[in-house]
Structure formats: structure tokens, C-alpha cells
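Read off the chains here:
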Amino acid sequence: VQLQASGGGLVQAGGSLRLSCAASGRTFSGYRMGWFRQAPGKEREYVASIWWSSGITAYADSVEGRFTISRDRVKSTVYLQMNSLKPEDTAVYYCAANPATTWTYWGQGTQVTVSS
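The structure reproduced in this document is the subject of the present report. (Residues numbered from 1 in each chain as written. Predicted model: local features only at pLDDT ≥ 70, side-chain atom pairs only at ≥ 80, totals over all residues. Heavy atoms only, no water.)

A word on the overall build of the protein
Working step 1: Assigned secondary structure in the protein consists of zero helices and 11 strands.
Working step 2: The helix and strand sequence of the protein, counted from the amino end, reads β-β-β-β-β-β-β-β-β-β-β.
Working step 3: Relative to its length of 116 residues, the protein is compact, with a C-alpha radius of gyration of 13 Å against a globular reference of 13 Å.
Working step 4: The dimensions of the protein, computed from C-alpha atoms along their principal axes, are 40 × 25 × 25 Å.
Working step 5: Residue burial in the protein is summarised as follows: out of 116 residues, 42% are buried. (Helix = DSSP H or I, 4+ residues; strand = E, 2+ residues; numbered from the N terminus. Rg over C-alpha atoms; globule rule 2.2 N^0.38 Å. Buried < 20%, exposed > 50% of the residue type's maximum accessible area, 1.4 Å probe, protein only.)

In C-alpha cells, the structure reads:
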């Protein structure tokens, strides 16, 4: 399994970015796909997830209502649309895949920097 994240960058507070995670190496039926982030000096934290087959989503409280996770099964890609960005959203964002109960596969990170 390979996960390739992209789409990070520098944006002003209140702005938007869309992250993409291209997934390959197998079919992902039954998988849960997710985004995590790690800010400097902090532990990695959960951001959002989506069930590949059903499309059911879940979010951390800190991003609920501002971020939207989605997936395109044809393109085998997971997206994270981030709106109303805040400086505290600054972090390296990682995509991950969970085949059962553990986040087993991880992509490389993409940096998101939100300036005030």
C-alpha cells in the first residue's frame, strides 16, 4: 500500500486548502481512510476519517464544520477540504489507512502553514 499526500502550502487565516491522498497498491474496500496532523512540539493528532465503502465520515471536534473529508473511488484518492483555516491548523498533515483496527499505512506528510 502506498499513500501519496499533496496539496499543502502557505495560506492566510480564513483561507482554504485542499489536500489530496493518492492511494495505491490494493483495493480499499473495508478500509477506513484518515487524515492526521502534527504541529511542532506536539503529538500527532487525528483530524478526520472516512469509510472507503460507505463514505461515512467522522471529525475531530477542532475541525468539525470547517474541514470536509471525501473520497473518489475511481481515482482512488482521499481529499481533505479545509476552510476557515486558523493559525492553530498549522501542522504537517498525514494521510493513513486502517484495514481493521489499526492505522497501519501512512503516507509522507504535507506541510500546511496558516499565517495570521
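Some thoughts on the packing of aromatic side chains
Each aromatic ring pair is characterised by the separation of its centres together with the angle its planes make.
Working step 1: One pass over the full model with this rule turns up five aromatic pairs.
Working step 2: Between the aromatic rings of Phe 28 and Tyr 31, the centroid separation amounts to 5.2 Å while the plane-to-plane angle is 90 degrees, which identifies the pairing as edge-to-face.
Working step 3: Note on Tyr 31: relative accessible area 5%, which makes it buried.
Working step 4: Aromatic side chains Phe 36 and Trp 103 sit 5.1 Å apart centroid to centroid with 80 degrees between the ring planes, which places their arrangement in the edge-to-face category. Residue Phe 36 is found in strand 4 (residues 32-38), and its partner Trp 103 is found in the loop between strand 9 (91-98) and strand 10 (105-106); the two are separated by 67 residues along the sequence.
Working step 5: Its relative accessible area of 9% is what places Phe 36 among the buried residues. (Phe/Tyr/Trp six-rings, centres within 6.5 Å; stacked < 30°, edge-to-face > 60°.)

Quick notes on unusual backbone geometry
Working step 1: Phi at Ser 76 is positive, roughly 55 degrees, even though this residue is not glycine.
Working step 2: Along the polypeptide, Ser 76 turns up in the loop between strand 7 (67-72) and strand 8 (77-82).
Working step 3: Despite not being glycine, Ser 84 has its phi angle at roughly 50 degrees, a positive value.
Working step 4: Position of Ser 84 relative to the elements: it lies in the loop between strand 8 and strand 9.
Working step 5: Residue classification places Ser 84 among the partly exposed positions, given a relative accessible area of 41%.

Things to note about the side chain of Asp 89
Working step 1: As for its position among the elements, Asp 89 is in the loop between strand 8 and strand 9.
Working step 2: Side-chain polar atoms of Asp 89 contact the side chain of Arg 37, separated by 2.9 Å. (Polar contact = N/O pair within 3.5 Å; in protein donor to acceptor, adjacent residues only side chain to side chain.)

What to know about the nonpolar core
Working step 1: Core analysis: the largest hydrophobic core is formed by 31 residues, its most contacted members being Met 33, Trp 35, Leu 80, Met 82 and Tyr 93.
Working step 2: Looking at this core, the elements that each hand over two or more residues are strand 1 (2-6), strand 3 (17-24), strand 4, strand 5 (45-51), strand 7, strand 8, strand 9 and strand 11 (110-115).
Working step 3: Among residues more than four places away in sequence, those in contact with Met 33 are Leu 3, Ala 23, Phe 28, Ala 48, Ser 49, Ile 50, Trp 52, Ile 69, Val 78, Ala 96, Ala 97 and Trp 103. (Core = buried A, V, L, I, M, F, W, Y, C linked by side-chain atoms within 4.5 Å. Contact = heavy atoms within 4.5 Å.)

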